[in-house]
Amino acid sequence: QVQLVESGGGLVQAGGSLRLSCAASGTIFSNKAMGWYRQVPGAQRVLVATITNGGSTNYADSVKGRFIVSRDNAKNTVYLQMNSLKPEDTGVYYCWAMPNYWGKGTLVTVSS
């Protein structure tokens with residue numbers, strides 16, 4: 001059974017940092033693109049950052065220069081380092097892996 005389990009969410013003040021982790025199991029993820037999406041109540045889930053199996057990254061414009069996505073294929077884990085956090089970064093962050101695997105999400109709340 002394929003599982004993606006997120007951790008690292010929480011409450012942080014604006015300007016602070018958090019690091020999210022997503023541990024994958026149940027299949028080989030080293031050859032799959034992975035990434036992070038964010039969702040707030042009443043809105044669609046939106047892309048935050050993705051990383052290919054080769055390490056190429058893609059970011060939403062709103063997080064460029066502040067967030068860094070990385071992966072450790074030996075550990076089947078993808079990370080999201082979030083710096084200079086803003087209140088608008090608040091939401092539930094979901095881990096994603098190709099083709100359509102999702103975690104249950106971890107809540108990030110940034111207070112002003």
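Residues numbered from 1 in each chain as written. Predicted model: local features only at pLDDT ≥ 70, side-chain atom pairs only at ≥ 80, totals over all residues. Heavy atoms only, no water.

Describing the pattern of salt bridges
1) Next: Counted by the stated rule, this structure contains three salt bridges.
2) Next: Its salt-bridge partner being Lys64, residue Asp61 comes within 3.1 Å of it at the nearest N-O pair.
3) Next: In this structure Lys64 comes out as partly exposed when scored by relative accessible area, which is 49%.
4) Next: Because the salt bridges share partners, they merge into one network encompassing Arg38, Arg66 and Asp89. (Salt bridge = Lys/Arg side-chain N within 4 Å of Asp/Glu carboxyl O. Buried < 20%, exposed > 50% of the residue type's maximum accessible area, 1.4 Å probe, protein only.)

Regarding the sheet that holds strand 8 (residues 77-82)
1) Next: Strand order in the open sheet made by the four strands is 1-3-8-7, with antiparallel pairing throughout. Both edges of this open sheet fall to strand 1 (3-7) and strand 7 (67-72), since each of them pairs with a single strand only. Across the sheet, the mean angle separating the axes of adjacent strands is 15° when strand polarity is ignored.
2) Next: The sheet contact formed by strand 1 and strand 3 (residues 18-25) spans five bridges and is antiparallel. Residue pairing across strands places Gln3 opposite Ser25, the latter belonging to strand 3. (Pairing = 2+ DSSP bridges. Helix = DSSP H or I, 4+ residues; strand = E, 2+ residues; numbered from the N terminus. Axes fitted to C-alpha atoms, helices over the stretch in contact; angles between N-to-C directions.)

Quick look at the packing of aromatic side chains
1) Next: The final tally for this structure, using the stated rule, is three aromatic pairs.
2) Next: A centroid spacing of 6.2 Å and a plane angle of 65° characterise the contact between Tyr37 and Trp96, whose relative ring orientation is edge-to-face. Here Trp96 lies in strand 9 (residues 91-97) and Tyr37 lies in strand 4 (residues 34-39), a separation of 59 residues in the sequence.
3) Next: Linked through ring pairs, Tyr37, Trp96 and Trp102 together constitute an aromatic cluster.
4) Next: Lying across the ring of Tyr79, Arg19 places its NZ or CZ 4.0 Å from the centre.
5) Next: Across from the ring centre of Tyr94, 3.6 Å away, lies the NZ or CZ of Arg45, which sits over that ring. (Phe/Tyr/Trp six-rings, centres within 6.5 Å; stacked < 30°, edge-to-face > 60°. Lys NZ or Arg CZ within 6 Å of the ring centre and 35° of its normal.)

Regarding the pairing of strand 7
1) Next: Every second residue of strand 7 is oriented toward a common face, the buried set being Phe67, Val69 and Arg71 and the non-buried set Ile68, Ser70 and Asp72.
2) Next: From the end of strand 7 to the start of strand 8, which pair antiparallel, there are four residues, and Asn76 there has a positive phi angle of about 55°.

Quick notes on the side chain of Thr106
1) Next: With respect to the helices and strands, the residue Thr106 is situated in strand 11 (residues 106-111).
2) Next: A distance of 3.3 Å separates a polar side-chain atom of Thr106 from the backbone nitrogen of Gly9.
3) Next: Beyond its immediate chain neighbours, meaning those up to four positions away, Thr106 contacts Glu6, Ser7, Gly8, Gly9, Leu20, Gly91, Val92 and Tyr93. (Polar contact = N/O pair within 3.5 Å; in protein donor to acceptor, adjacent residues only side chain to side chain. Contact = heavy atoms within 4.5 Å.)

Section: the nonpolar core
1) Next: Ranked by internal contacts, the top residues of the largest apolar core, which has 26 residues, are Met34, Trp36, Leu80, Met82 and Tyr93.
2) Next: Secondary structure elements with two or more residues in this core: strand 3, strand 4, strand 5 (46-51), strand 7, strand 8, strand 9 and strand 11.
3) Next: Looking at which element gives the most residues to this core, the answer is strand 3, with four residues.
4) Next: Not counting chain neighbours up to four residues away, the residues in contact with Met34 comprise Leu4, Cys22, Ala24, Phe29, Thr50, Ile51, Arg71, Val78, Cys95, Trp96 and Ala97. (Core = buried A, V, L, I, M, F, W, Y, C linked by side-chain atoms within 4.5 Å.)

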